[in-house]
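Chain by chain, the residues run as shown.
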Amino acid sequence: MHPPSYASSPAARLGWLDALRGWAAMLVALHHAFYVFLPDLQVALAGRFDPGHYGVLVFFLVSGYIVPASLERHGSVRVFWISRFFRLYPLLAVACLLGVLPFLLGVRGLRAGLEEFDPLTAVVAHATMLQDLLAVPNAINVLWTLSYEMAFYLLVVALWAVGWQRRSAPIAAGLAVLALPAGLLPAALLARTAGVGPVVAAAAAVLAVAVAAAMSERPGPRTAGGLLGGLLALALVAANSRVEPWEGAVMLAVMFAGTAVYRAERGQVSRRATALGLGAVAAASLAAVAWAPRQDAAGAQTWQARWIWTSSLLLAAATFGAAWLLRRRRFPRWATGLGTASFSVYLLHPILLMVAAQFLGRTGRMDVPGMLVFVAALVALSAASYRWIEAPAQRAGRRLARRAVRGRVDRSPVATAVPR
């Protein structure tokens, strides 16, 4: 079946992904806003359903689908990392500055005891975007997901470097299966053994070397850099994540499940093999959820934690599947527009909630009008952030990427042999 004519443009083809991104970002924002504006609703949902966890898993499926496609579309690791940097870091830097500004002004502390860490260690950890895998508290609560995104990027580049990029389904299944024995491993093992500072310094150095080498024009360093980055990602997820290692393995498996769908859709692998791989991911992930969560002394909340993980996994998969089936249809402009600014929605909503809770006193009671004002303010702020921060940064990244591609072509033997 061929898509309708309007789907010939990239914007139309990716409308379903934008709609998913907007949906997921707003769910995470609303979940956190419930604590401030609708505490009774949050209490009612506790232990039954976690909209934020569900939204994050939807995000991971979308990333798994689209990120490898970005690398393969350009066929260049250098362009990929340039694109990722300008897509994420400008807004991330602004959000982090806003998040710690009250602390710098002396009006409140940092979250999760971050002020107890060496400032250089904290800054370097956040600069790598791996802070949640380096046992460093996140400056903003939602930044933990970016650490798993970065680990995924490193693994995608590693697979590209060795030519295994089309093995997404078995890799996803393998990660999900590895989540079972990972349930026996403690969290943050490396940091507790060697110390947070040394682990952060070593990880930052390895990351810098891996990315620089992977961006090389020479095959040897490019392959070595890709593999080094992939090994770093696996080591941190398995032996130093803030959460239980089985959770990190499942989240990576979810992202590669999204990649497997992309591969099958493009005819790069058989749909039967992909379906078997996705079935294995689901079975192994749910088995890991049932096996791995640890009990406290009284066994409290164990079943609640298992139920939240299970319901979030299944509902995220169903949501992604439904949107994929509708991928050739037009989605409302407001839905795709919200998705376009979803990164701003995701990073900036905790800043607004901090202002509402800490400085305006909007917490502790049901406040539906306040919730509506928060949503309106968030949408407006995110639209402005996308227009004035994200979009210009992405345009700058595309210009730099084009120069990198032109430079590579100009230096190639074929190009230099052509008269000008």
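Structure's up top.
The model shown is predicted, which means the values in this text are computed figures rather than measured ones.

**Brief notes about the pattern of salt bridges**
Taken as a whole, this structure holds seven salt bridges when the rule is applied. Residue R21 pairs with D18 through a salt bridge whose shortest N-O separation is 2.6 Å. Placement of both R21 and D18 in helix 2 (residues 15-37) is noted, with a separation of three residues, approximately one turn of the helix. Both residues of the pair, R21 and D18, count as buried. Between R266 and E265 there is a salt bridge, with the nearest N and O atoms lying 2.6 Å from each other. Connected via shared salt-bridge partners are E265, R266 and R327.

**So, the nonpolar core**
What tends to happen in soluble globular proteins is that the nonpolar side chains get buried as a cluster. Of all hydrophobic cores here, the largest spans 113 residues; its most connected members are F37, W81, L134, Y148, Y153 and L347. It is helix 2 that provides the largest number of residues to this core, a total of 13 residues. Listed in part, the five residues of the second largest apolar core include V79, F86, A401 and A404.

**Observations regarding the side chain of S168**
Relative to the assigned elements, S168 resides in helix 8 (residues 168-182). Under the relative-accessibility criterion, S168 is labelled buried at 1%. Polar contacts involving the side chain of S168 include one to the side chain of R263, which spans 3.2 Å. Beyond its immediate sequence surroundings of up to four residues, S168 is in contact with F256, T259, A260 and R263.

**A look at empty space enclosed by the protein**
With the rule as written, the count across this model stands at three cavities of 30 Å³ or more. There is about 70 Å³ of room inside the largest cavity. Lining the largest cavity are P68, L71, E72, V156, L159, W160, Q165, S168, F256, T259 and R263. Mapped onto the lining of the largest cavity, the elements with two or more residues apiece are helix 4 (51-74), helix 7 (144-162) and helix 12 (245-265).

Each value, and the rule that gives it
- Residues numbered from 1 in each chain as written.
- Predicted model: local features only at pLDDT ≥ 70, side-chain atom pairs only at ≥ 80, totals over all residues.
- Heavy atoms only, no water.
- Salt bridge = Lys/Arg side-chain N within 4 Å of Asp/Glu carboxyl O.
- Helix = DSSP H or I, 4+ residues; strand = E, 2+ residues; numbered from the N terminus.
- Buried < 20%, exposed > 50% of the residue type's maximum accessible area, 1.4 Å probe, protein only.
- Core = buried A, V, L, I, M, F, W, Y, C linked by side-chain atoms within 4.5 Å.
- Polar contact = N/O pair within 3.5 Å; in protein donor to acceptor, adjacent residues only side chain to side chain.
- Contact = heavy atoms within 4.5 Å.
- 1 Å grid on protein atoms, 1.4 Å probe; cavity = no way out; pocket = protein on both sides within 12 Å on 5 of 7 lines; lining within 4 Å.
- Points joined across faces, edges and corners; volume = space filled by probe spheres on them.

Keep in mind these values describe shape, not function.
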